[in-house]
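So the chains spell out like this:
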Amino acid sequence: SEILVGEAIKGYPRDKLLLSTKFGLVTDYYKKAIKNTTYKNVMREVQSSLINMNTDYIDFYFIHWPDVDTPIAETMSALNELKKQGAIRYIGVSNFSKEEIEDAQKYGEIDVQQPPYSMVNRKFEELMRWGFNKGIYSMTYGSLGAGILSGAIRTMPNFEPFDLRWHFYDYFREPKFSQIMDFLTSIDKIAEAHNKPAAQVAINWSTQKEFVGSALIGVRNKSDAEENCDAFTWKLSNEEIDLLDFELNKRQLGL
């Protein structure tokens, strides 16, 4: 992904771009993901990322997951050094709890966090509100619920057994799948009223929340990217957001 990004940004003014990447999840010989946030590994990975993206610095550099085998003081020491050198601009944490963020803050400033957040996953909303009040920017992932909020999936899919959507998310299991399909009818009505795709309703619902700074959304091609960006040419009304929240709460979705 970093190499693709590096190729994509060639020729663009670097100061007009914000680049984000992660570290600390290393694939071993058996292709098993191992958490490693040691000082040595942070320094190794950042150099790799800089080379891959052909850049002199990274704007947002995230700890991918908490690493219980490495003291957070050691990890933060490396990140503070990189910030001092200008190799990174902002220190980020992904999948951290409030307590883990507060522990990290004993050794340096946490600028941004990256929790999952969408209509079908609102479990970390309180954490994001807390972060917002503390000046910690939120860059959410899973913003379209692994694609289930795009409206493109209307029947139970037949993913390959190793597909991440079977294991990392629970949206494609019953009874949640049917509940989400029922909720999509509410999205459809609003999308139709605006003559916009369902995905843009889901994107606006999320990014119009004051505690959401950015919503990460995967794309497969140029048209996907353009369609997602087009969501910011219009807004949901307060009444539409209230209606969607009411329907979500009625079904207890995302809680």
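Use the structure listed above.
These lines cover the structure that appears in this document, whether it is placed above or below. (Residues numbered from 1 in each chain as written. Predicted model: local features only at pLDDT ≥ 70, side-chain atom pairs only at ≥ 80, totals over all residues. Heavy atoms only, no water.)

So, unusual backbone geometry
A cis geometry characterises the amide bond from Glu 174 onward to Pro 175, with omega recorded as 10 degrees. When you line up the elements, Pro 175 lands in the loop between α6 (164–167) and α7 (176–194). Phi is positive for Asn 95, which is not a glycine, with a value near 65 degrees. Tracing the backbone shows Asn 95 in the loop between β5 (88–94) and α4 (98–104). Overall, the relative accessible area of 18% leaves Asn 95 in the buried class. With a phi angle near 60 degrees, Gln 252 is a residue other than glycine that sits in the positive phi range. Take Gln 252: it is sitting in the segment after α10 (238–251). (Helix = DSSP H or I, 4+ residues; strand = E, 2+ residues; numbered from the N terminus. Buried < 20%, exposed > 50% of the residue type's maximum accessible area, 1.4 Å probe, protein only.)

What about the sheet that holds strand β7 (residues 137–140)?
What holds strands together in a sheet is hydrogen bonding between their backbones, with the strands either parallel or antiparallel. In spatial order, the strands read β1-β4-β5-β6-β7-β8; together these six strands make up an open sheet with parallel pairing. Pairing within the sheet leaves two strands with one partner each, and these edge strands are β1 (20–23) and β8 (214–215). Of the strands in this sheet, β1, β4 (58–63) and β5 are in contact with helix α3 (residues 72–85), which crosses β5 at around 155 degrees. (Pairing = 2+ DSSP bridges. Contact = heavy atoms within 4.5 Å. Axes fitted to C-alpha atoms, helices over the stretch in contact; angles between N-to-C directions.)

Quick word on the pattern of salt bridges
If the charged atoms of two oppositely charged side chains come close together, the side chains can form a pair. Enumeration according to the criterion identifies 15 salt bridges in this entry. Asp 59 is paired through a salt bridge with Arg 89; the nearest N and O atoms lie 2.8 Å apart. Note that Asp 59 is positioned in strand β4 and Arg 89 in strand β5, a separation of 30 residues in sequence. Taking the relative accessible area as the measure of exposure, Arg 89 reaches 35% and is therefore partly exposed. The partner of Glu 102 in a salt bridge is Lys 98, and the shortest N-O contact between them spans 3.3 Å. Of this pair, Glu 102 and Lys 98 both sit in helix α4, four residues apart, roughly one helical turn. Taken together, the salt bridges that share partners define one network made up of Asp 182, Glu 247, Lys 250 and Arg 251. (Salt bridge = Lys/Arg side-chain N within 4 Å of Asp/Glu carboxyl O.)

Such coordinate-based values are descriptive only and should not be taken to indicate function.
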